[in-house]
Amino acid sequence: MREAEIWRLLAANLLCALAIVLAAVVPAVFLDGFSVLGTHLTWLCICSVCVATLNIILHLVLKPNQSPKRRSFAHKISRFLKCCIYFFMSCILFHAIIVLYGAPLIESVTETFLFAVLLSTFTTLQCLCLLGPNIQAWIRVFSKNGAMSIWESSLQITSLCSILGAWFGAFPIPLDWDRPWQVWPISCSLGATFGYMAGLIIAPLWIHWNRKQLTYKSR
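Here's what I pulled together on the structure shown here. (Residues numbered from 1 in each chain as written. Predicted model: local features only at pLDDT ≥ 70, side-chain atom pairs only at ≥ 80, totals over all residues. Heavy atoms only, no water.)

**Considering the overall build of the chain**
Regarding its fold elements, the chain presents nine helices and zero strands. Across the chain, helices and strands are ordered from the amino to the carboxyl terminus as α-α-α-α-α-α-α-α-α. Taken over C-alpha atoms, the radius of gyration comes to 18 Å for the chain, in line with the 17 Å a tight globule of 219 residues would show. Dimensions of the chain along its principal axes, counting C-alpha atoms only, are 55 × 40 × 35 Å. When the 219 residues of the chain are sorted by exposure, 44% land in the buried category. For the chain, the share of sequence-separated contacts (at least 6 apart) that also reach a separation of at least 24 residues comes to 71%. Put simply, the chain shows about 12800 Å² of open surface, and 69% of that area lies on carbon and sulfur atoms. (Helix = DSSP H or I, 4+ residues; strand = E, 2+ residues; numbered from the N terminus. Rg over C-alpha atoms; globule rule 2.2 N^0.38 Å. Buried < 20%, exposed > 50% of the residue type's maximum accessible area, 1.4 Å probe, protein only. Contact = heavy atoms within 4.5 Å. Areas by Shrake-Rupley, 256 points an atom, 1.4 Å probe, with all protein chains shown as cover.)

Quick look at the structure:
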């Protein structure tokens, strides 16, 4: 395993983490009264757009999983449209799962959907950038010993950390603390965000630590 590839992964992940920090700080310069807690829905939109845009740009620049085959323009358009459909379906699926786990069904629909968009950005969008709209490849990556590159290992870790962060973030909501960050879905979205950022840092460190044991085989 090449050290240079791990350093590329670390740099890309740190840029993604930096984008989240900037999404929380920079808008306050241009928007009066902006804050992560006070204008949480605005922050959800900005954070999702920033992370999504940077992930797409990094994928186009670094090309971590580039296919050797040349694709026609029509194929690229078809692939792009499929990715958009898959991402929208992911948002709907996450929204439904969140409601099944106890989120309001009718009230706070906008809040729940934007939270679902954030989760899709942290998980599904990465799958689409790295693997494309290929469900079989997604199943392979998230199965035991299914990763075929350090990028796929990083995808596993960041996606898992994002989901776990959102789940742990739900624990304080029912507590009678009367804190502003207990309003739905602030604690869950912050938990997912901190989980995603933790995964971005943990992934390259874990891969570097276990680089001698990791053997990626093409299938």
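**Quick notes on helix α5 (residues 109–122)**
Because each turn of an α-helix spans 3.6 residues, side chains separated by three or four positions end up pointing in the same direction. Here α5 spans 20 Å end to end across 14 residues, near enough to the 20 Å set by a 1.5 Å rise per residue. For α5, a buried count of 10 out of 14 residues is recorded, marking the element as mostly surrounded by other parts of the structure. Regarding α5, the residues found buried are Thr112, Leu114, Phe115, Ala116, Val117, Leu118, Leu119, Ser120, Thr121 and Phe122. (Expected span 1.5 Å × (residues − 1).)

**So, a nonpolar patch on the surface**
On the surface, a cluster of nonpolar side chains totalling about 820 Å² of accessible area is made up of Leu15, Leu18, Val21, Leu22, Val25, Val26, Val29, Phe30 and Leu31. Only α1 (3–25) and α2 (27–30) provide two or more residues apiece to the nonpolar patch. The greatest single-element share of the nonpolar patch, amounting to five residues, is contributed by α1. Examined against the element boundaries, leucine 22 turns out to sit in helix α1. (Patch = residues over 30% accessible without salt bridge, like charges linked within 9 Å, V, L, I, M, F, W, Y side chains within 5 Å. Salt bridge = Lys/Arg side-chain N within 4 Å of Asp/Glu carboxyl O.)

**Examining helix α9 (residues 186–209)**
Under the 1.5 Å per step criterion, the end-to-end length of α9 is 34 Å for 24 residues, consistent within 8% with the ideal 34 Å. Along α9, the sharpest change in direction is near 25 degrees and occurs at isoleucine 202; proline proline 204 comes one to four residues later. (Bend = angle between axes of the 7 residues up to and from the residue.)

**Here we look at unusual backbone geometry**
Note that the residue after tryptophan 184, namely proline 185, is joined by a cis bond; omega there is 0 degrees. Structurally, the position occupied by proline 185 is in the loop between α8 (150–169) and α9.

**Focus on the nonpolar core**
In this structure, Trp43, Cys47, Phe115 and Phe122 are the most contacted members of the largest nonpolar core, which totals 47 residues. Sorting the residues of this core by element identifies α1, α3 (40–62), α4 (73–100), α5, α6 (124–131), α7 (135–141), α8 and α9 as the ones contributing at least two each. Those residues in contact with phenylalanine 115, other than ones at most four positions away along the chain, are Leu44, Ile98, Ala166, Trp184, Pro185, Cys188, Ser189 and Ala192. (Core = buried A, V, L, I, M, F, W, Y, C linked by side-chain atoms within 4.5 Å.)

**Side note on the state of the cysteines**
Formally, a disulfide is one covalent bond, and it connects the sulfur atom of one cysteine to the sulfur atom of another. Under the definition given, this model contains zero disulfides. Between cysteine 47, a cysteine without a disulfide, and cysteine 50, which holds the nearest cysteine sulfur, the sulfur-to-sulfur distance is 7.1 Å. Just so you know, cysteine 84 is unpaired, no disulfide at all, and the nearest cysteine sulfur is the one on cysteine 83, 7.0 Å from it. On the basis of relative accessible area, cysteine 84 is assigned to the partly exposed category, the value being 38%. (Disulfide = S-S within 2.5 Å.)

**What about the packing of aromatic side chains?**
All chains considered together, the criterion is met by six aromatic pairs. Between phenylalanine 122 and tyrosine 196 the ring centres are 4.3 Å apart and the planes differ by 10 degrees, which places this aromatic pair in the stacked class. With phenylalanine 122 in helix α5 and tyrosine 196 in helix α9, this residue pair connects regions lying 74 residues apart in the sequence. Of the two residues, phenylalanine 122 and tyrosine 196, both sit in the buried class. Aromatic rings pair up to connect Trp167, Phe168 and Phe171 into one cluster. (Phe/Tyr/Trp six-rings, centres within 6.5 Å; stacked < 30°, edge-to-face > 60°.)

**As for the pattern of salt bridges**
Tallied over the full model, the rule gives two salt bridges. The residue arginine 8 makes a salt bridge to glutamate 5 at a minimum N-O spacing of 3.2 Å. You can see arginine 8 and its partner glutamate 5 sitting in helix α1, three residues apart, about one turn around the helix. Given the relative accessible area of 31%, arginine 8 is considered partly exposed. By relative accessible area, which is 13% here, glutamate 5 ends up buried. Of the charged contacts, one joins glutamate 152 and arginine 140 as a salt bridge, the two residues approaching to 3.0 Å between their closest N and O atoms. Placement of glutamate 152 in helix α8 and of arginine 140 in helix α7 is noted, with a sequence separation of 12 residues between them. When sorted by exposure, glutamate 152 lands in the same class as arginine 140, which is buried.

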